[in-house]
Every structure is written in C-alpha cells, then in structure tokens.
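This is what each chain is made of:
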Amino acid sequence: DIANCGLLDEGTSAAEAMNMSHAQNKSKRGKYFVSEDCFDQTVSCVETRAQALGIEIVKGDPLSLSEEDLKEYSGVLVQYPNKNGAVVDYGALGERANKAKAVFTVATDLLACSVLKPPGDFGADIVV
C-alpha cells in the first residue's frame, strides 16, 4: 500500500512517523530508536511527542543494530544525508528492520533524493 501526506516540517513528520510505528506494532514495543546523526530539531520533536505517548527514545548508531536488537523497537529513524552531510548506505539496516518488523523511517532532503538513491530503494517504510 502507498500513502502520501504533507506536514509543515521534518520534526513534526518524524514525530508522526514514530507514532505510526508505535501503532503499527500495536504498542507492544515501547521503545523507538533514533539515529545519533539526525538533526537536533528533529530529535527534539520526536522526544517531545514520545514523552506524551510514554514511548522510550533510544539514541545511538543505527548501523550497530542487529535484527534481534531491532525486535525491541517499534521503529527506527535515520537521517539521509545525515546532520554531518554524510551519505550512509542504509540498505542492510533497512533489510534487518523489515525482517524484525520495526518500521524503518528515513528523514531526508527531497532535493537530495534527485541525485541520491531514493530511501524506498533501501527498504524505507516511511520517508519524511
């Protein structure tokens, strides 16, 4: 299935993606993983929404997560390109997240997607 919607900013969109991830897993997984390389303002929005919903936010290196680790999270959020401007290949992470049934969200710059590999090509469930 494909859906499309518009929100005013990346932070709000990322927070809504976290909420959707939590709902997708029927709230059985109380944690959500956020890459340490996401923009600070995006992380702040996600943390604020998570606090209100009782979701625990865990920040760190998403590439270090195994499929087994991902089973603890309702979803994972990465930034592409990240806050340091690096373009990371998230293909293996997307595969592991999909196998673990953790919703894989990619926060991106739409203009960057005109020259970079689109997030859907490496397994993104939600792109903001």
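Here's what I pulled together on the structure shown here.

Time to look at the overall build of the protein. Within the protein, the secondary structure is distributed over four helices and five strands. Each helix and strand of the protein, ordered N terminal to C terminal, gives the series α-β-α-β-α-β-α-β-β. Here the C-alpha atoms of the protein give a radius of gyration of 13 Å, agreeing with the 14 Å that 2.2 N^0.38 yields for 128 residues. If one aligns the C-alpha atoms of the protein with their principal axes, the spans along those axes are about 40 × 30 × 30 Å. Taken over 128 residues, the protein has a buried fraction of 44%.

A few words now on the packing of aromatic side chains. This model, assessed by the stated rule, comprises five aromatic pairs. Between Phe33 and Tyr73 the ring centres are 5.5 Å apart and the planes differ by 80°, which places this aromatic pair in the edge-to-face class. In this pair, Phe33 is assigned in strand β1 (residues 31-35) and Tyr73 in strand β3 (residues 73-80), connecting sequence segments 40 residues apart. Both rings, one in Tyr80 and one in Tyr90, keep their centres 6.5 Å apart while their planes meet at 65°; by these two values the pair is edge-to-face. Of this pair, Tyr80 sits in strand β3 while Tyr90 sits in the loop between β3 and α4 (91-99); the two residues are 10 residues apart in sequence, bridging distant segments of the chain.

The rules we used
- Throughout this document, residue positions are counted from 1 along each chain, in the order its sequence is written.
- The predicted origin of the model limits local features to residues at a pLDDT of at least 70 and limits the giving and counting of side-chain atom pairs to 80 or more, whereas totals for whole chains, interfaces and linings rest on all residues.
- Water and hydrogen atoms were dropped before computing side-chain values, which therefore reflect all heavy atoms in the structure.
- Under the scheme used here, helices are H or I runs from DSSP no shorter than 4 residues and strands are E runs no shorter than 2 residues, and both carry numbers assigned from the N terminus.
- In this treatment the radius of gyration is a C-alpha quantity, and the globule benchmark scales as 2.2 Å times the residue count to the 0.38 power.
- A 1.4 Å probe rolled over the protein chains alone gives each residue an accessible area, and that area as a share of the maximum for its type sets the label: buried under 20%, exposed over 50%, partly exposed in between.
- Two rings from Phe, Tyr or Trp (for Trp, the six-membered ring) form a pair when their centres sit within 6.5 Å of each other. Planes less than 30 degrees apart are called stacked, planes more than 60 degrees apart edge-to-face, and all others tilted.

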